[in-house]
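# Topology and contacts: notes
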Amino acid sequence: MSNFFSTDGRRQIVAVFLCFAFFSPTLAVAQAPTPSNVFGFEPGADYKMADFGQVSDYYTQLSEASDRVQMKSIGTTVMGKSMPMLFISSADNLENLDRWREISATLARARVAEEEAAELAKEGRAVVWIDAGLHATERATAQAMPKLAHRLATEESAEMQKIRENVVLLLMPVMNPDGLNIVESWYDRVLDTPYETTDPPWLYQKYVGHDNNRDWFMNNLPETRAVTEVIYNEWYPQIVVNHHQTSPSWARIFIPPFTGPVNPNIHPGIVSGVNQVGTAMAHRFSMKDMPGAISNDTFTMFWNGGMRTAPYFHNQIGILTEVAHETPTPRYYEPDSIPSRVGYGNPQATDGTGLFYPDPWKGGESHFRDAVNYTNTASMGVLDVAADRPQQFLMNMYEMGRDAIEAGESGDPYAYVIPPEQWHPREAHNLVNILRQGGVEIDRATSEFEAGGESYPSGSYVIPASQAFRPFVMDMLEPQDYPTRRSESGEPETPYDLAGWTLPMQMGVTVDRIDESFDAPTTPVTDSVAPAPASVQGSASYGYALSH
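Quick caveat, the model's predicted, so the values are computed rather than measured.

Conventions used here
Residues numbered from 1 in each chain as written. Predicted model: local features only at pLDDT ≥ 70, side-chain atom pairs only at ≥ 80, totals over all residues. Heavy atoms only, no water. Helix = DSSP H or I, 4+ residues; strand = E, 2+ residues; numbered from the N terminus. Rg over C-alpha atoms; globule rule 2.2 N^0.38 Å. Buried < 20%, exposed > 50% of the residue type's maximum accessible area, 1.4 Å probe, protein only. Areas by Shrake-Rupley, 256 points an atom, 1.4 Å probe, with all protein chains shown as cover. pLDDT = per-residue confidence, 0-100. Contact = heavy atoms within 4.5 Å. Pairing = 2+ DSSP bridges. Salt bridge = Lys/Arg side-chain N within 4 Å of Asp/Glu carboxyl O.

This part takes up the overall build of the protein. On a plain count of helices and strands, the protein comes out with 17 helices and 19 strands. Taking 548 residues into account, the globule formula puts the C-alpha radius of gyration at 24 Å, and the protein, at 26 Å, falls close to it. By principal-axis analysis of the C-alpha atoms, the protein measures approximately 95 × 60 × 60 Å. Looking at the protein as a whole, 54% of its 548 residues are labelled buried. Element-wise, carbon and sulfur atoms account for 50% of the exposed surface of the protein, whose accessible area totals about 24200 Å².

Pasting the structure below:
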């Protein structure tokens with residue numbers, strides 16, 4: 001024994017340790033870099049922000065160090081930056097990603113028999129999407145994701161092992177890399193001046209600024225198209241979490257349940273599913289002694305163009321959070337100044353008697369790190385409930401898809417037809433592409449057919465209502481009827497967001513609704529479509545050529 005602690009013995013100890021570390025997944029994972037190793041500060045530190053180069057470097061290092069993390073680029077931003085997305089799960093799950101994606105897609109499309117669906121749901125993994133939002137001036141969410149990723153990859157608690165075993169997480173750490181750099185650079189520039197909590201005086205998304213969160217059915221932006229392809233045509237996550245800022249003043253975070261109205265095209269299982277996940281999040285905040293989670297205020301489930309609302313029409317549970325404290329500059333809230341009610345359109349009592357604000361925040365110091373911690377606790381609440389019930393979430397998505405298919409098979413409507421003769425043929429093709437990008441199944445007629453008492457030529461597009469994403473089809477092609485809602489004083493309530501959108505009207509495209517069943521020879525549309533080439537004829541001594 002004495003020889004073991006000699007110089008040679010110490011070498012043996014080191015050799016044994018290194019060998020064990022090499023073959024031990026737990027020890028290997030423990031060597032994964034922390035965000036502070038890469039940034040030089042802890043995410044959420046006062047007066048500090050990591051830019052896109054720093055966060056992308058961190059995710060690269062983490063994915064190289066851990067077999068529980070894979071990283072891929074899903075697209076390129078309007079200013080040429082790569083858009084990284086992380087897969088985080090157990091090492092075994094990451095070796096079988098194609099299988100989990102196949103199961104999720106099959107159940108989402110709901111074209112298999114119930115018995116096969118049940119077997120697939122039993123085999124599969126819940127797929128959860130979590131992103132850091134789109135608005136770069138909502139600074140905390142992008143800073144929070146590195147800490148979440150590190151924790152998911154390295155923590156060995158029973159809860160975390162359950163999450164990695166039962167969930168495949170699609171973590172989208174930055175959906176607006178260009179904006180992150182713009183806002184971080186501005187903060188550094190105005191730090192230690194009277195303007196350090198201001199926003200940059202220019203757009204942080206080159207063309208639309210804050211309204212990049214109003215593009216989730218038109219897909220005008222390359223960032224939107226990249227994410228839409230993953231969510232509605234590849235992975236079909238059962239839960240989509242979209243983090244934002246800020247919560248109502250004096251609250252710490254807004255989480256579901258939402259307030260009304262609910263769009264009638266949404267399956268009721270989505271509404272109750274949102275409430276289920278929101279309640280799990282609220283319970284986690286309560287048990288972690290993190291007061292200030294507020295619900296049932298302002299944000300509705302009617303509009304179909306936001307990152308967390310478009311999923312509703314694809315039978316996916318969309319979750320919004322709005323966390324407090326959006327800049328790295330600390331702030332003090334005087335406890336004696338707390339109002340009796342907090343919130344926007346539906347304020348909640350601050351004395352603890354409210355159903356949707358049972359644990360009020362009492363004020364005091366507020367720091368950037370609080371926003372980081374609240375964002376990640378909300379994420380953990382979602383992941384925990386998904387890991388507890390993966391089979392339920394998978395099967396629910398299938399059953400909602402089957403309900404949509406059966407509703408379409410019964411007619412009223414049975415299908416929509418886009419004839420080739422159009423006032424503006426290019427816009428008709430744009431409409432087809434918009435719907436296809438949104439996951440809609442579309443066919444093209446290979447010869448003439450009759451439908452609804454009309455004759456349609458070959459080349460007509462047929463959009464069957466009997467498909468899993470029927471709610472999205474209906475909501476895009478039919479007019480909306482926003483319900484009249486009045487306040488206690490009798491004044492009409494202003495909608496939270498858009499109240500009407502009907503693409504055939506907006507785009508000037510003829511789309512015929514066919515209520516009764518019909519037969520047509522068709523082939524599926526599987527790629528982008530374009531009108532036939534055209535030419536300009538005539539002569540003139542001069543003219544103008546205008547780019548579209």
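Structure shown, so let's carry the discussion forward.
Moving on, we get to the confidence of the model for the protein. The predicted model of the protein averages 93 in pLDDT, with 95% of residues at 70 or higher. Below a pLDDT of 50 lies the segment residues 1–7, which in the model reaches 7 contacts outside its immediate sequence neighbourhood of four places, other chains included. Taken together, the stretch residues 9–28 has pLDDT below 50 and engages in 12 contacts with residues farther than four places along the chain or on a different chain.

So, on to the pairing of strand E2 (residues 82–88). Of all the 7 residues making up E2, 6 are buried; the element is thus mostly covered by neighbouring parts of the structure. Sheet topology note: the strand E1 (residues 69–76)/E2 ladder contains 6 bridges and is antiparallel. Paired with Val69 across the bridge in E2 is Ile88. The antiparallel hairpin formed by E1 and E2 contains 5 residues in its connecting segment, where Gly80 sits at a positive phi of about 90°.

This paragraph deals with the pattern of salt bridges. One pass over the structure, following the stated rule, counts 22 salt bridges. A salt bridge links Glu42 to Lys147; its shortest N-O distance comes to 3.4 Å. Of the two residues, Glu42 sits in the loop between helix H3 (35–39) and helix H4 (52–65) while Lys147 sits in helix H8 (residues 140–154), which places them 105 residues apart along the sequence. Residue Lys147 is classed as partly exposed on the basis of its relative accessible area, which comes to 25%. Close ionic contact of Glu493 with Arg485 constitutes a salt bridge, the shortest N to O distance being 3.6 Å. A relative accessible area of 39% places Glu493 in the partly exposed class.

The next thing to look at is the pairing of strand E13 (residues 415–418). On E13, burial covers both faces: Ala415 and Val417 on one face and Tyr416 and Ile418 on the other are all buried. Sheet topology places E13 next to strand E17 (residues 461–464); 4 bridges connect them, and they run antiparallel. Bridging across to E17, Ile418 finds its partner in Tyr461. Relative to strand E18 (residues 512–514), E13 runs antiparallel, the two being bridged by 3 bridges. Bridging from a neighbouring strand, Ala415 pairs with Ile514 of E18.

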